[in-house]
Amino acid sequence: MNSRSRFLGLALILGIGSACSTAATPAAISSSGQPSAGSGTRTGTTAVSGTLKIVAASSLKGAFEVLTTRFEAVNPGVKIADISYDGSSVLATQLIAGAPADIFASADEKNMAKVSDAHLLAGPSVDFATNTLQIAVAPGNPKAIRGLKDLPGAGLSVVLCAPAVPCGAAARTALAAAGVKVLPASEEQNVTAVLTKVESGDADVGLVYRTDVLAAAGKVAGVDFPESVKAVNHYPVGVLAGSADAAPARAFAAFLTSPAGREVLAAKGFGAP
């Protein structure tokens, strides 16, 4: 997505423009198209208030724990009432089935498109981060895994996300790029479950995001592989059309793309959109 597309998408998700010219915007936009919340201060001159329910990809848990705390601190009228984490495909299915939410943050654009195609978004989604895969192994890499071509090795227990889950789709793209076929010991519905199996020793290897390896803080080690560049995940955020608190929802979406939000995401290992 180029800078002009990001600006147009952000403008729509914030509800600015002729369609909402009489409404107070929850986030000020600079001439560069970026929210003016770079210092972490309140996201606009008009205070927002309300209660938010967020559904987000499992890989965002560590980052969102920090982001939501900081967002509430600079927007004291807003309360994050609930955050549900799961595989993006699971969350998209739940939203389409009628599950209530104000914000959907997906680990890929495919599952966001499903929600958009169901006419559940208030406007276009906006990419706010990227992520790439690593091979998660036990600390010290006792199986001496050097890359994807080692995964079909005899006796290795390999765990992947299910194909419909963004981490599973990315894993299969990377494996195909390496010309490697793997019969997984199990296919999990979110990346946290894959990481847990490697941490516990129930699996020798798992393909997870580098952010998950970083968050594991030494409980697993990460092995880089060149094919990861073929499977970069783009993370979009969208405001749900049925949101009862659209103003703070738009403000939170803007916060993710602001310098303050980007600082947190970068610290957790996410790349820029």
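This one's a predicted model, so the numbers in the text were calculated from it and none came from an experiment.

Peer 1: For this particular structure, what's the right way to read the overall build of the protein chain?
Peer 2: Tallying secondary structure elements over the protein chain gives 9 helices and 10 strands in all. The proportion of buried residues among the 273 residues of the protein chain is 49%. Put simply, the protein chain shows about 11600 Å² of open surface, and 54% of that area lies on carbon and sulfur atoms.

Peer 1: Explain the sheet that holds strand β6 (residues 158-161) here, please?
Peer 2: Hydrogen bonds along the backbone pair up the strands of a sheet, which may run parallel or antiparallel. On the basis of which strands lie adjacent, the open sheet formed by 5 strands has the order β7-β6-β8-β5-β9 and mixed pairing. Here the strands that pair on one side only, and so sit at the sheet edges, are β7 (186-188) and β9 (221-223). Looking at each pair of strands side by side, their axes are set apart by 35° on average, direction ignored. Two elements, strand β5 (residues 133-137) and strand β8 (residues 205-209), share 5 bridges in a ladder whose sense is antiparallel. Note that in β8 the partner of Ile135 across the bridge is Leu207.

Peer 1: Just to check I follow, could you spell out the state of the cysteines for this structure?
Peer 2: Throughout this description, disulfide means a covalent bond between two cysteine sulfur atoms. All chains considered together, the criterion is met by 1 disulfide. What pairs with Cys161 in a disulfide is Cys167, and their sulfur atoms sit 1.7 Å apart. Across the S-S bond of Cys161 and Cys167 the torsion is about -100°, and the bridge reads as left-handed. A relative accessible area of 0% means that Cys161 is categorised as buried.

Peer 1: Please clarify how the pairing of strand β2 (residues 78-86) should be interpreted in this entry.
Peer 2: Side chains on a regular strand alternate between the two faces of the sheet. Two elements, strand β1 (residues 50-57) and β2, share 8 bridges in a ladder whose sense is parallel. Looking at β2, one finds that Leu52 is bridged to Ile80. At this point the chain moves from β1, through helix α2 (residues 61-74), to the parallel β2, and the crossover so formed is right-handed.

Peer 1: I would appreciate a short explanation of the nonpolar core in the present structure.
Peer 2: Among soluble globular proteins, nonpolar side chains are generally buried collectively. With 66 residues, the main nonpolar core has Leu60, Phe64, Phe128, Ile135, Leu148 and Leu151 as its most contacted residues. Those residues in contact with Leu60, other than ones at most four positions away along the chain, are Tyr85, Ala105, Phe128, Tyr235 and Phe270. Among the nonpolar cores identified, the runner-up in size contains 10 residues, and Val55, Leu91, Ala92 and Phe104 belong to it.

Peer 1: What am I meant to see in the packing of aromatic side chains here?
Peer 2: Aromatic ring pairs are defined here through the distance separating the ring centres and the angle between the ring planes. Evaluated as defined, the whole model comprises 7 aromatic pairs. Between the aromatic rings of Phe71 and Phe252, the centroid separation amounts to 5.3 Å while the plane-to-plane angle is 85°, which identifies the pairing as edge-to-face. Of this pair, Phe71 sits in helix α2 while Phe252 sits in helix α8 (residues 246-257), placing them 181 residues apart in sequence. One exposure class covers both Phe71 and Phe252, and it is buried. A ring pair is formed by Phe71 and Phe255, whose centres lie 5.6 Å apart and whose planes are at 50°; its orientation type is tilted. Taken together, the residues Phe71 in helix α2 and Phe255 in helix α8 connect sequence positions 184 residues apart. Across this residue pair, the class does not change: Phe71 and Phe255 are buried.

Peer 1: Whenever I open this one, the sheet that holds strand β4 (residues 126-131) confuses me. Can you help?
Peer 2: Across the sheet, 5 strands lie side by side as β2-β1-β3-β10-β4; this open sheet has mixed pairing. In this open sheet, the two strands that pair with only one neighbour each are β2 and β4. Across the sheet, the mean angle from the axis of one strand to that of its neighbour is 20°, orientation sign disregarded. Of the pairings in the sheet, the one linking β4 to strand β10 (residues 233-239) comprises 5 bridges and is antiparallel in character. Paired with Ala129 across the strands is Tyr235, a residue of β10.

Peer 1: Would you mind showing me how to read the packing of helix α3 (residues 88-96) against helix α4 (residues 109-117) here?
Peer 2: Pairs of packed helices are described in terms of their axes, by the angle between the two and the distance that separates them. For the pair α3 and α4, the least separation of the axes is 9 Å and the interaxial angle reads 5°. The angle between the axes of α3 and α4 places the two elements in the roughly parallel class. Residue-level inspection shows Ser88, Ser89, Ala92, Leu95 and Ile96 of α3 in contact with α4, the latter providing Asn111, Lys114 and Val115. Of the residues assigned to the contact of α3 with α4, the class counts are 4 nonpolar, 3 polar and 1 charged.

What counts and what doesn't
- Residues numbered from 1 in each chain as written.
- Predicted model: local features only at pLDDT ≥ 70, side-chain atom pairs only at ≥ 80, totals over all residues.
- Heavy atoms only, no water.
- Helix = DSSP H or I, 4+ residues; strand = E, 2+ residues; numbered from the N terminus.
- Buried < 20%, exposed > 50% of the residue type's maximum accessible area, 1.4 Å probe, protein only.
- Areas by Shrake-Rupley, 256 points an atom, 1.4 Å probe, with all protein chains shown as cover.
- Pairing = 2+ DSSP bridges.
- Axes fitted to C-alpha atoms, helices over the stretch in contact; angles between N-to-C directions.
- Disulfide = S-S within 2.5 Å.
- Right-handed = clockwise from strand over helix to strand, strands pointing away.
- Core = buried A, V, L, I, M, F, W, Y, C linked by side-chain atoms within 4.5 Å.
- Contact = heavy atoms within 4.5 Å.
- Phe/Tyr/Trp six-rings, centres within 6.5 Å; stacked < 30°, edge-to-face > 60°.
- Parallel < 35°, antiparallel > 145°, perpendicular 65-115°, else oblique.
- Nonpolar A, V, L, I, M, F, W, Y, C, P; charged D, E, K, R; others polar.

Remember, this is a structural readout, not a statement about activity or role.
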